[in-house]
Amino acid sequence: MSDEILTTIDELFAKYQFSIPNYQRSYAWEETQLELFVEDLRHQIKTQAVDVKKPYFIGTLLLHNKYSQYSYQTVDIVDGQQRLTTTLIFIATALKEYAEIEDSDFIKSNYICHPEFEQKFKTITKDNNCFRSAILGIDNFDETPDSQSSQKLIFARDYFCKHVKPHEWSAMINQLREAQVLAYVIDDLSTATQIFEFQNDRGKKLTNLEAVKSFLMHNVHLNSKSASENKLESIHSNFESIFRDIEELSTYPRTPEEDSILSYYCAAFIPWTDNEYLQPKKLIKKQINALEHKGSEAIVSWINSFISNLKQTYKNVLSIYKSMDELAEFTHLVILNRLAPFWPLLIKTYHEDDSNGKVQFKNACLLMEKFSLKAYGLANLRSNAGNSHLLWIAKKFDSSDHNWGYEWLFEELSNMSSWWDIPKRMKTNIQSPNFYNNSKQSALYILWRYENYLRSGGNNQNQWSKLSWRDIVIPKNNAEKLSLEHIAAQNNELSKHLVSWDVDDEAEFKDIALHRLGNLVLDSISSNSSKKDHAFNKKWQRLSESSTYLSQGELKKFISPETNTWDIAAIKDRQSSLTMFIEKHWG
């Protein structure tokens, strides 16, 4: 350790030029942390009005000393970058928003851009152009934010513009400049790693992934006899890749959280009992302790292998989402929106499938989709039904082992669809007068699949381009989002007519037929709203004549020529047709 300084922000910026290394997480603060940042400043200003000697301590910084440039030392921020970045955003925003900041020229030179040494504080590379132009104002062109982290940088700037009053800027800037910070300036990365392992971040709690990263680096340092710096740099490089993949993954819909992926990876690849996979750091520590008798090299080797495979897992999850248009079987699981219990198995089968086009992965997804729809969507089992067995399958599956390979995997997944009396429960619900209320999401998915079945030439239809998964999951706008339409409208006065579905079950139409599967059809929200609650005979005619959906256009064929109206017989006939479709695809 070369230096340990209790100093002020002003003195810190007078001495150092800062950069955030690419292996660090990008800017992540959101409204909750920004609000606390501003309120802390307000509270301290009030406190010092009573006790002027009371210092304002804003945290600890861990800095890695890189090299000296003229009168400045250039340092990497190992810990504390979120708070320090926010401090600079606040100061830069004040300089733009409030012209009467005291010592503004000095602040610009010291914090923003030195006339000789240029930019004083650099973010990770991919965000720095946006940071220079949108936050620091060094460049005169607009840099469009092309990542979530750069969007958050701009959000922080805009938050301060909106929530700091004009008369507050000057006092707050003075308070920040004199704020005390404990800066550890470290000459070697190994020491920095040890310190980070025992520090907590004040702004935003470390994620499990960050805690695991720190723990693994600390153990590599402890177990490396030589060249630990190189080994730590290698770990940094791997986690740089992981963090960038996480950031890109966040741009896709219905993705797992970063800590969830870590737990899923542990569930799939690391030996565990009970719920150990939910506490990754504890589980990893157990693995390392079990290797102590083999010596330091074995521990470092295991850690390197773990990190390499973990990096590949995040990359694989991202690849899956990037390939959603080619991986229809996985996309179907996304639409059903019950992915969590399947992720360990999804991760493992994708990792182990080296076939062209990921054929085995697709087959596994198909069986998982069948179980998801039948068990959770149509049989209405509790959300954790089958979870323990799915985890066990993920743990045991090994494509290289004949006893636990793909044949065994597919048989296990297939068998699950008949457990807990699923076929009977499923059949009962499909025929239920409350099907719409029991299974809205599943009904929408089934009718989306049915529409695409018709568009592919099913039921002797002409072939049309299929509807995309985006039309349900991420529509262009709410008006175009796909929804369920009641053919016989919910609030139409005819819904009070007495009808019979089976013998001796006479009741009002709204109670016995309104929410049946046969009375539901696919539609967009805007189109659905425009139809409102037209009379039954007008409703089906309008659907069939004006709609672009083939499943609406075929409604005429279910109507008796004698009655020429959408009645119980028509609904029963259509329900029978849809039930046969369900049996064919998921039976």
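Residues numbered from 1 in each chain as written. Predicted model: local features only at pLDDT ≥ 70, side-chain atom pairs only at ≥ 80, totals over all residues. Heavy atoms only, no water.

### Points about the packing of aromatic side chains
Okay, step 1: In this structure the tally under the stated criterion is 38 aromatic pairs.
Okay, step 2: Judged by centre distance (6.1 Å) and plane angle (75 degrees), the rings of Tyr159 and Phe160 are edge-to-face.
Okay, step 3: Of note, Arg516 hangs over the ring of Trp501, and the distance from its end group to the ring centre comes to 3.9 Å.
Okay, step 4: The cationic tip of Lys572 hangs over the ring face of Trp501; the distance from NZ or CZ to the ring centre is 5.6 Å. (Phe/Tyr/Trp six-rings, centres within 6.5 Å; stacked < 30°, edge-to-face > 60°. Lys NZ or Arg CZ within 6 Å of the ring centre and 35° of its normal.)

### Side note on the pairing of strand E12 (residues 520-524)
Okay, step 1: Of all five residues that make up E12, five are buried, and the element is covered over most of its length.
Okay, step 2: Alternating positions in E12 separate into two faces, Leu520, Leu522 and Ser524 on one and Val521 and Asp523 on the other, with burial throughout.
Okay, step 3: Two elements, strand E9 (residues 482-486) and E12, share five bridges in a ladder whose sense is antiparallel. The partner of Ser483 across the bridge, within E12, is Asp523. (Buried < 20%, exposed > 50% of the residue type's maximum accessible area, 1.4 Å probe, protein only. Helix = DSSP H or I, 4+ residues; strand = E, 2+ residues; numbered from the N terminus. Pairing = 2+ DSSP bridges.)

### Let's talk about the packing of helix H2 (residues 31-50) against helix H6 (residues 148-163)
Okay, step 1: H6 packs onto H2 with a crossing angle of 45 degrees between their chain directions and a minimal axis gap of 11 Å. One element, H2, and the other, H6, form an angle in the oblique class. Considering the relative orientation of H2 and H6, their crossing is right-handed. Of the residues in H6, those touching H2 at Glu31, Leu34, Glu35, Phe37, Val38 and Arg42 are Phe155, Ala156, Tyr159, Phe160 and His163. (Axes fitted to C-alpha atoms, helices over the stretch in contact; angles between N-to-C directions. Parallel < 35°, antiparallel > 145°, perpendicular 65-115°, else oblique. Left-handed = near helix turned anticlockwise from the far one by under 90°. Contact = heavy atoms within 4.5 Å.)

### Side note on the pairing of strand E2 (residues 16-19)
Okay, step 1: Judged by which residues are buried, E2 turns out to be covered on both faces: Tyr16 and Phe18 on one side and Gln17 and Ser19 on the other are all buried.
Okay, step 2: Looking at chain direction, E2 and strand E7 (residues 121-122) are connected through two bridges and run parallel. The residue of E7 that forms the bridge with Ser19 is Lys122.

### Side note on the nonpolar core
Okay, step 1: Counting residues in hydrophobic clusters, the biggest one holds 104 residues, and the most contacted among them are Leu209, Phe306, Leu310, Phe330, Trp343, Leu346 and Leu409.
Okay, step 2: At eleven residues, helix H13 (residues 296-322) tops the list of elements feeding residues into this core.
Okay, step 3: Non-local contacts of Leu346, meaning those with residues more than four positions away in its chain, are made with Phe330, Leu333, Leu339, Phe361, Cys365 and Met368. (Core = buried A, V, L, I, M, F, W, Y, C linked by side-chain atoms within 4.5 Å.)

### Here's the deal with empty space enclosed by the protein
Okay, step 1: On inspection of all chains with the given rule, the structure shows one cavity of 30 Å³ or more.
Okay, step 2: Roughly 50 Å³ of internal volume is contained in the largest cavity. (1 Å grid on protein atoms, 1.4 Å probe; cavity = no way out; pocket = protein on both sides within 12 Å on 5 of 7 lines; lining within 4 Å. Points joined across faces, edges and corners; volume = space filled by probe spheres on them.)

### Overview of the pattern of salt bridges
Okay, step 1: In total, this model carries 22 salt bridges according to the counting rule given.
Okay, step 2: The salt bridge involving Glu247 is made with Arg244; its shortest N-O contact spans 3.0 Å. Taken together, the residues Glu247 and Arg244, both in helix H10 (residues 228-249) and three residues apart, mark about one turn of the helix.
Okay, step 3: Overall, the relative accessible area of 15% leaves Glu247 in the buried class.
Okay, step 4: Connected through salt bridges with shared partners, the residues Lys126, Asp127, Arg244 and Glu247 form a single ionic network. (Salt bridge = Lys/Arg side-chain N within 4 Å of Asp/Glu carboxyl O.)

### So, the packing of H2 against helix H7 (residues 169-177)
Okay, step 1: Remark: H2 packs on H7, axes separated minimally by 10 Å, with the N-to-C direction vectors making an angle of 90 degrees. Judged by the inter-axis angle, H2 sits roughly perpendicular to H7. The residues of H7 that touch H2, namely those facing Phe37, Val38, Leu41, Arg42, Gln44, Ile45 and Gln48, are Ala171, Met172, Gln175 and Leu176.
Okay, step 2: Among the residues making up the contact of H2 with H7, the classes are represented as seven nonpolar, three polar and one charged. (Nonpolar A, V, L, I, M, F, W, Y, C, P; charged D, E, K, R; others polar.)

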